[in-house]
Amino acid sequence: MAISYDEVAVGTELPAQSFPVTRATLVQYAGASGDFNPIHWNEKFALEVGLPEVIAHGMFTMAEAIRVVTDWVGDPGAVVEYGVRFTRPVMVPNDGVGSVIEVTAKVAKLLEDRRVQVDLLATYGGQKVLGMSRAVVRLA
C-alpha cells in the first residue's frame, strides 16, 4: 500500500532498521560496484594507510541507509533526491560478526507537489556516520 501525502506530517517516524555488514558483504559489494579499493577488504593494506580496520564503502553505507525510505514508501522510484556527507567510516572487523549500521528517519518538511523531505540518521557504534542525510520523496 502506497504512503499518501495526506497521511504524513512533520515528525512522522519511519520504521527504524539495522543493517549488518561483514567482510563477505564488502566483497560482494565490491563485485557489484566495481570498487575494489583494498581499504574495503585487505586489513594489512588498511593498517598501512593509517586506518584502524577495514572500512565499509561509503556508497554501501549510503545505500543501506536509503533502504529505510524505500521500504517505507514502497517504491524506490519515488525518491527524487538523496544526498549525504560522509562523516565517519564504518569499521568492519574480520571476526565473523562484523558491524551493524542503525538507521532512523523522520519526515522533516512537507513540500509542494506531494513531496516530503525525510531526514535520516545513520549510526555505527553509537556514532553518526552520515551527515546531512536527506531524501526528497514523492508520495501518492
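Look a little higher up for the structure.
Residues numbered from 1 in each chain as written. Predicted model: local features only at pLDDT ≥ 70, side-chain atom pairs only at ≥ 80, totals over all residues. Heavy atoms only, no water.

**Student:** Give me the pattern of salt bridges: which residues, what numbers.
**Tutor:** Enumeration according to the criterion identifies six salt bridges in this entry. Between Arg114 and Asp6 there is a salt bridge, with the nearest N and O atoms lying 3.4 Å from each other. In this pair, Arg114 is assigned in the loop between strand 3 (99-110) and strand 4 (115-124) and Asp6 in the segment before strand 1 (13-21), connecting sequence segments 108 residues apart. What makes Arg114 partly exposed here is its relative accessible area of 32%. Overall, the relative accessible area of 62% leaves Asp6 in the exposed class. Each of Arg23, Glu43 and Glu53 takes part in a single network of salt bridges with overlapping partners. (Salt bridge = Lys/Arg side-chain N within 4 Å of Asp/Glu carboxyl O. Helix = DSSP H or I, 4+ residues; strand = E, 2+ residues; numbered from the N terminus. Buried < 20%, exposed > 50% of the residue type's maximum accessible area, 1.4 Å probe, protein only.)

**Student:** How would you summarise the nonpolar core if you had to cite specific residues and measurements?
**Tutor:** Membership of the largest hydrophobic core comes to 35 residues, with the highest contact counts inside it found for Trp72, Val137 and Leu139. Contributing elements (two or more residues each) for this core: strand 1, helix 3 (58-73), strand 3, strand 4 and strand 6 (130-138). With eight residues, helix 3 is the largest single contributor of residues to this core. Aside from chain neighbours lying at most four places away, what touches Leu139 is Ile3, Ser4, Tyr5, Val8, Trp72, Val73, Arg114 and Val116. (Core = buried A, V, L, I, M, F, W, Y, C linked by side-chain atoms within 4.5 Å. Contact = heavy atoms within 4.5 Å.)

**Student:** Before we move on, can you summarise a nonpolar patch on the surface with the specific residues and values?
**Tutor:** Together, Val27, Phe36 and Trp41 line one region of the surface with nonpolar side chains, adding up to about 330 Å² of accessible area. Among the structural elements, Phe36 can be located in the loop between helix 1 (23-33) and helix 2 (43-48). Residue Phe36 is classed as exposed on the basis of its relative accessible area of 52%. (Patch = residues over 30% accessible without salt bridge, like charges linked within 9 Å, V, L, I, M, F, W, Y side chains within 5 Å. Areas by Shrake-Rupley, 256 points an atom, 1.4 Å probe, with all protein chains shown as cover.)

**Student:** Account for the side chain of His40, naming residues and giving values.
**Tutor:** Mapped onto the elements, His40 comes out in the loop between helix 1 and helix 2. There is a polar contact of 3.5 Å between the side chain of His40 and the backbone nitrogen of His57. Once residues within four sequence positions are removed from consideration, His40 is found in contact with Leu26, Asp35, Val54, Ile55, Ala56 and His57. (Polar contact = N/O pair within 3.5 Å; in protein donor to acceptor, adjacent residues only side chain to side chain.)

Geometric descriptors of this kind do not, in isolation, establish any biological role.
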